[in-house]
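What follows is each chain in one-letter form.
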Amino acid sequence: MFLLGSVLAVTLITIVFVMLFVRLASRVDVDCTAEEWLETFSAERYAPMQRLLERGDFEYLAAQPGFRPEIGRRLLRERKAVFSEYLSLLVRDFNQLVRISKLTLVYAPEDQPEFARALWREQVRFYGAVSMLRCRLALFPLGVRGSEVGRLVETLATVRRQLTLQPETAA
Amino acid sequence: MGRLPFAEALLTIFQALICLSLALRMLRSGLYRKYRYFFLYIVVSFAQMTVVLTVPFMTNLYRNFFIATELGELFLVVLVVQEVYTWMLGSLTGIVSASRRFIRAAVTFAIVVSLMLLTLEKTPLNLTGRFFLFERAIIFSLLIFVVCMLLFLLYYPVSLSRNIFVYSIGFAFYFLAKAATLFIRNTGHQWDRAMSAFLLVVSIGCLGFWLVGLSRAGEKIQRVIGHRWDPSDQERLLRQLQSINTSLLRTVNK
């Protein structure tokens, strides 16, 4: 009975993770061509995101004369909405990079086992981190650290760098 | 000595006719050259169906004939699945290692899950029971393997002919129905005639699907499953790839 329960629990958790993975991986900007996107992409655009939910800003505001709690709540609400938007854009950009990477892999003239392995690893790491960040954003928004965002952006830059290192594809 | 129940006999005749139509279509379109094992499987199935109607039902002769021909078909089905994945992944040099690793993992996973199900099935009392146990294990392994291959294609944007998709999706459904009916039987539910009729209907459905779906034109129509952009035009896809290379080279040279 216990074994059956364990197997069912593991199966259920696996299905949930796979669904989350698929949902995250399906957010792509289909209107933008790969070439246009690569020309304009830069991880620098996410620099402001790292500061959006810093405690410092809210503590500074709370210390100002005339501060009311509803002002703080409104600011937090607005900052959370902007952060959430940035996060969605980050996921879309990552998925676009992954999409291009997979295309490059499939049509590469030589076998690329390391790149394939690294791409899979980065995807799992990225989507896991995004899911955790979303949970933190919902429950403890002021607990979101800039370094967590920095790691996500670094993952994006890592995949971009690996893509640049690939041999010319068989087009 | 008996005869096959009327409904099953009728379904078997109908199945044989669709089998024959599919075999003729594959001959006319030249697809038998590419999908050799699948063509052989259809021909052998047709032969089995026509002969089985003449063998006295519920006799040792019927049982032995059934087991012998099912074993032959099982062997062919394994070759058919191997043929499918060779066509799917054979020419993709960039992901050779990744696909081999995945196939090894998929085969291992398929066998382990299939064998685990044996613990839920009753100990067979006769030759037929032992054969069904063996057949269920093989078919279920093949089902998991085909599903894993489709998942692999969902992950990588591999462009394949429509025929390959029709081929593999048809088999996925067929294996699912067959594995399910065999599993139900092996767990002690003796609904032989009902399940036999159900399996005949599913087989007819799959054969009809292949009859309609497989064509010479289907070799030229390219599809990529599971990816929001759908480069049905192979040349447009490759042009985009070339321009990606150009962009990347510009980035490296900056």
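That block above? That's the structure.
Model, not experiment: these values are computed from the prediction.

Caption draft 1: Structural detail: the overall build of chain B. For chain B, the helix and strand inventory stands at nine helices and two strands. Reading chain B from its N terminus to its C terminus gives the helix and strand order α-α-α-α-α-α-β-α-α-β-α. In chain B, buried positions account for 50% of the 254 residues. At a minimum sequence separation of 6, the contacts of chain B that also span at least 24 residues come to 80%. Surface exposure of chain B reaches about 12800 Å², of which carbon and sulfur atoms provide 69%.

Caption draft 2: Spatial organisation of the overall build of chain A. When helices and strands are tallied, chain A shows six helices and zero strands. Starting at the N terminus, the α and β elements of chain A follow one another as α-α-α-α-α-α. Each of the 171 residues in chain A was classed as buried or not, and the buried ones make up 39%. Contacts in chain A between residues far apart in sequence, at least 24 positions, make up 81% of those at least 6 positions apart. When the accessible surface of chain A is summed, it comes to about 9800 Å², and 63% of that surface belongs to carbon and sulfur atoms.

Caption draft 3: Just the packing of aromatic side chains, in detail. Residues and elements named next belong to chain B. As enumerated under the stated definition, the model contains 23 aromatic pairs over all chains in all. Where Phe38 meets Trp210, the ring centres are 4.9 Å apart and the plane angle is 80°; that geometry is what we call edge-to-face. Of this pair, Phe38 sits in helix H3 (residues 36-52) while Trp210 sits in helix H8 (residues 192-213), placing them 172 residues apart in sequence. Of the two residues, Phe38 and Trp210, neither departs from the other in class, the shared state being buried. For the pair Phe57 and Tyr62, a centre-to-centre distance of 5.0 Å together with 85° between the ring planes defines the contact as edge-to-face.

Caption draft 4: The arrangement of the pattern of salt bridges in detail. Residue and element names in this part refer to chain A. Applying the stated criterion across every chain yields a total of twelve salt bridges over all chains. Of the charged contacts in the structure, one is a salt bridge between Arg68 and Glu70, with a shortest N-O distance of 3.0 Å. When its relative accessible area of 44% is taken as the criterion, Arg68 is described as partly exposed. Several salt bridges share partner residues, and in doing so they unite Arg51, Asp57 and Arg79 into one network.

Caption draft 5: Representation of helix H5 (residues 113-139) of chain A within the structure. Taking 1.5 Å as the rise per residue, H5(A) with 27 residues should run 39 Å; its terminal C-alpha atoms sit 39 Å apart, in good agreement. Within H5(A), the full set of buried residues consists of Phe115(A), Ala116(A), Ala118(A), Leu119(A), Glu122(A), Gln123(A), Phe126(A), Tyr127(A), Val130(A), Ser131(A), Leu133(A) and Leu137(A).

Caption draft 6: Molecular detail of the environment of Phe39(B). Residues and elements named next belong to chain B. You can see Phe39 is positioned in helix H3. Separated by 60 residues in the primary sequence, Phe39 and Ser99 place their C-alpha atoms 26 Å from one another. Leaving out residues up to four positions away in the same chain, Phe39 has contacts with Ala23, Met26, Leu27 and Tyr32.

Caption draft 7: Representation of the packing of helix H6 (residues 127-155) of chain B against helix H7 (residues 162-186) of chain B. Residue and element names in this part refer to chain B. At a minimum axis distance of 8 Å, the contact between H6 and H7 shows a crossing angle of 145°. For the pair H6 and H7, the crossing hand works out as left-handed. Residues Gly129, Phe132, Leu133, Glu135, Arg136, Ile139, Phe140, Leu142, Leu143, Val146, Leu150 and Leu153 of H6 touch H7, and the partners they reach there are Phe165, Ser168, Ala172, Phe175, Leu176, Lys178, Ala179, Leu182, Phe183, Arg185 and Asn186. The residue inventory of the contact of H6 with H7, partitioned by class, reads 16 nonpolar, three polar and four charged.

Caption draft 8: Structural view of the side chain of Arg185(B). Mapped onto the secondary structure, Arg185(B) falls in helix H7. We classify Arg185(B) as buried; its relative accessible area is 16%.

Here is what the cut-offs are and how they apply
- Residues numbered from 1 in each chain as written.
- Chains lettered and ligands numbered in written order.
- Predicted model: local features only at pLDDT ≥ 70, side-chain atom pairs only at ≥ 80, totals over all residues.
- Heavy atoms only, no water.
- Helix = DSSP H or I, 4+ residues; strand = E, 2+ residues; numbered from the N terminus.
- Buried < 20%, exposed > 50% of the residue type's maximum accessible area, 1.4 Å probe, protein only.
- Contact = heavy atoms within 4.5 Å.
- Areas by Shrake-Rupley, 256 points an atom, 1.4 Å probe, with all protein chains shown as cover.
- Phe/Tyr/Trp six-rings, centres within 6.5 Å; stacked < 30°, edge-to-face > 60°.
- Salt bridge = Lys/Arg side-chain N within 4 Å of Asp/Glu carboxyl O.
- Expected span 1.5 Å × (residues − 1).
- Axes fitted to C-alpha atoms, helices over the stretch in contact; angles between N-to-C directions.
- Left-handed = near helix turned anticlockwise from the far one by under 90°.
- Nonpolar A, V, L, I, M, F, W, Y, C, P; charged D, E, K, R; others polar.

Honestly, it's all geometry; don't read function into it.
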